[in-house]
Amino acid sequence: AWAGYHCCLFAYGQTGAGKSYSMVGYGKNKGIVPISCEEIFQRINKNENPSLRFEIVISVVEIYNEVVQDLLVLPETRPRKGLDIRESKMLGIYIEKVEKRPVDSYEAIEQ
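Asker: Hey, could you go over the overall build of the protein for me, with residue numbers and the actual values?
Answerer: In terms of helices and strands, the protein carries 3 helices and 8 strands. In the protein, the succession of α and β elements from N to C terminus is α-β-β-α-β-β-β-β-β-β-α. For the protein, the C-alpha atoms occupy an extent of roughly 45 × 40 × 25 Å along the three principal directions. When the 111 residues of the protein are sorted by exposure, 19% land in the buried category. Across the protein, every contact between residues at least 6 apart in sequence was considered, and the portion connecting residues at least 24 apart equals 37%. Here the protein has roughly 9600 Å² of accessible surface; of this, 53% comes from carbon and sulfur atoms. When the 14 positive and 15 negative side-chain charges of the protein are each reduced to one mean point, those points stand 3 Å apart.

As structure tokens, this is what we get:
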């Protein structure tokens, strides 16, 4: 992500395997998401080059029983069939109609 590429964190496994704990953590034990996001925002805050511009946009999805759900959308307003995964020559693989939110800190992600 730091080199300017789009990135994705993906956890896969059976129920109870520790995916949520590994990704988000619990209490004082931070997972990979808060640790990596805090590092990204610390690097941005240390930047002294005024010609550099940073844009951080997040999406949070869950794939369960082969249905892609947008976790930034209230459950009652999500499409019942979930979201579609698409591929284009220009964008690569993407999730159609997924919510994308700009953030400027890890605290903004937590909200």
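Asker: So what about a nonpolar patch on the surface? Which residues, and what values?
Answerer: Taken together, the side chains of F10, Y12, I63, I85 and I93 present a nonpolar region at the surface, about 660 Å² in accessible area. With respect to the helices, strands and loops of the structure, I63 is situated in strand β4 (residues 61-64).

Asker: Outline the nonpolar core, listing residues and values.
Answerer: In this structure, M23, V33, C37, F41, I44, I58, V103, Y106 and I109 together form the largest nonpolar core, which totals 9 residues. Those elements that provide at least two residues to this core are α2 (32-46) and α3 (106-110). Among the elements that take part in this core, α2 stands out by supplying 4 residues, more than any other. Apart from residues no more than four positions distant in its own chain, M23 is found in contact with L9, F10, A11, G31, I32, V33 and P34.

Asker: An account of the pairing of strand β5 (residues 67-70) is needed here, citing residue identities and associated values.
Answerer: One ladder, built from 4 bridges, connects β4 with β5; its direction is antiparallel. Bridged to V61 within β5 is D70.

Asker: Account for the pattern of salt bridges, naming residues and giving values.
Answerer: Going through the model one piece at a time under the given rule, you end up with 7 salt bridges. The residue R43 makes a salt bridge to E39 at a minimum N-O spacing of 2.9 Å. In this pair, R43 and E39 both sit in helix α2, 4 residues apart, roughly one turn of the helix. R43 sits in the partly exposed class, given a relative accessible area of 37%. Between K81 and D84 there is a salt bridge; the shortest N-O distance is 3.1 Å. Linked by salt bridges that have partners in common, K81, D84, R86 and E96 make up one network.

Cut-offs and rules
Residues numbered from 1 in each chain as written. Predicted model: local features only at pLDDT ≥ 70, side-chain atom pairs only at ≥ 80, totals over all residues. Heavy atoms only, no water. Helix = DSSP H or I, 4+ residues; strand = E, 2+ residues; numbered from the N terminus. Buried < 20%, exposed > 50% of the residue type's maximum accessible area, 1.4 Å probe, protein only. Contact = heavy atoms within 4.5 Å. Areas by Shrake-Rupley, 256 points an atom, 1.4 Å probe, with all protein chains shown as cover. Lys, Arg positive; Asp, Glu negative; His and termini not counted. Charge placed at Lys NZ, Arg CZ, Asp CG, Glu CD. Patch = residues over 30% accessible without salt bridge, like charges linked within 9 Å, V, L, I, M, F, W, Y side chains within 5 Å. Salt bridge = Lys/Arg side-chain N within 4 Å of Asp/Glu carboxyl O. Core = buried A, V, L, I, M, F, W, Y, C linked by side-chain atoms within 4.5 Å. Pairing = 2+ DSSP bridges.

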